[in-house]
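If you want the building blocks of each chain, they are given just below.
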Amino acid sequence: TTVKPMDVKELSSVLQYLDSCSATNTSFKPVEQQVQKEFKVLKRNNFGLSSDISIQIPPPADTYSADCKFQISRNFMSHSGYLAFENRSKLYPITMSTSFFQMLNVLDSKAERTCINVGVLFGRQGQTEEDWFGNIGGSLDYQEFITTLGWGINLNEHRGYSGADNADSCVIAPYWADFNTEVIFQVTTLASNESDSPSNDHKKRMALNSSVLVIWLEDFSAFQSQQIWKHVRYNI
């Protein structure tokens, strides 16, 4: 079923009352004036907001200022259970001595992960052991092998472990890491030769002062392992 709209004649008494109120009652005029003023203000501002009310992300709190240090310490002790009354006896004050801060500095200098430096040498066919340290580049197969060792890093910008004896002439090096280990490959063919060092002592330090030494040889006929292992710092 449909509902018929109400006839205007049925609202005649109500309309007459409203007309009489608008004609006699002056209390509506201030409201109308205020509405007109607000309309002009909105129109002047293109019916928008003149101020920026966008939400700004607040900067993070400085954990080393004010009471933040106390709150962090309290939260840590609460989460670990040391604020419980039965565990109060397990807390001991630390003597702030010079030796204590020295031990802290030693602890801070320790690496967070196990760091391993691997030396990589390349030997062409017909070369002697001394000639290996002067090689740059290498065969295509050797260079493809180098690319599989890890991802290349810029030693000048790298913040992780960068090796113990990387020369200034070596800028790029393969690097691999996980949550527990860092491995830097000290590839001698990626370091340039120095004119003031014909024997390439800087490359010898890169390769021989390593935990592991990898040698890529194109000819095994003249290879004598004892000639290399006697110079390696670690014999495994």
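Above this text sits the structure in question.
Let us look at the structure shown here. Just so you know, these numbers come straight off a predicted model, no measurement behind them.

Here is what the cut-offs are and how they apply
- Residues numbered from 1 in each chain as written.
- Predicted model: local features only at pLDDT ≥ 70, side-chain atom pairs only at ≥ 80, totals over all residues.
- Heavy atoms only, no water.
- Phe/Tyr/Trp six-rings, centres within 6.5 Å; stacked < 30°, edge-to-face > 60°.
- Helix = DSSP H or I, 4+ residues; strand = E, 2+ residues; numbered from the N terminus.
- Buried < 20%, exposed > 50% of the residue type's maximum accessible area, 1.4 Å probe, protein only.
- Salt bridge = Lys/Arg side-chain N within 4 Å of Asp/Glu carboxyl O.

### Some thoughts on the packing of aromatic side chains
Counting across every chain of the model gives five aromatic pairs. Centroid distance Phe-122 to Tyr-142: 4.5 Å. Interplanar angle 35 degrees. Geometry classified as tilted. Of this pair, Phe-122 sits in strand E1 (residues 114-123) while Tyr-142 sits in helix H6 (residues 140-147), and the two are 20 residues apart along the sequence. With respect to burial, Phe-122 and Tyr-142 carry one shared label: buried. A centroid spacing of 5.9 Å and a plane angle of 65 degrees characterise the contact between Tyr-142 and Trp-216, whose relative ring orientation is edge-to-face. With Tyr-142 in helix H6 and Trp-216 in strand E5 (residues 212-217), this residue pair connects regions lying 74 residues apart in the sequence. Among the residues examined, Tyr-142 registers a relative accessible area of 1% and is labelled buried.

### Points about the pattern of salt bridges
Enumeration over the complete set of coordinates arrives at two salt bridges. A salt bridge links Glu-182 to Arg-113; the shortest N-O distance between them is 3.4 Å. Highlighted residues: Glu-182 in strand E4 (residues 181-187) and Arg-113 in the loop between helix H4 (98-109) and E1, separated in sequence by 69 residues. Overall, Glu-182 belongs to the buried group, its relative accessible area being 6%. Residue classification places Arg-113 among the partly exposed residues on the basis of a relative accessible area of 28%. For Lys-204, the salt bridge is made with Glu-130, and the minimal N-O distance between the two is 3.0 Å. Of this pair, Lys-204 sits in helix H7 (residues 201-208) while Glu-130 sits in helix H5 (residues 129-132); the two residues are 74 residues apart in sequence, bridging distant segments of the chain. Glu-130 gets classed as partly exposed once you look at its relative accessible area, which sits at 48%.

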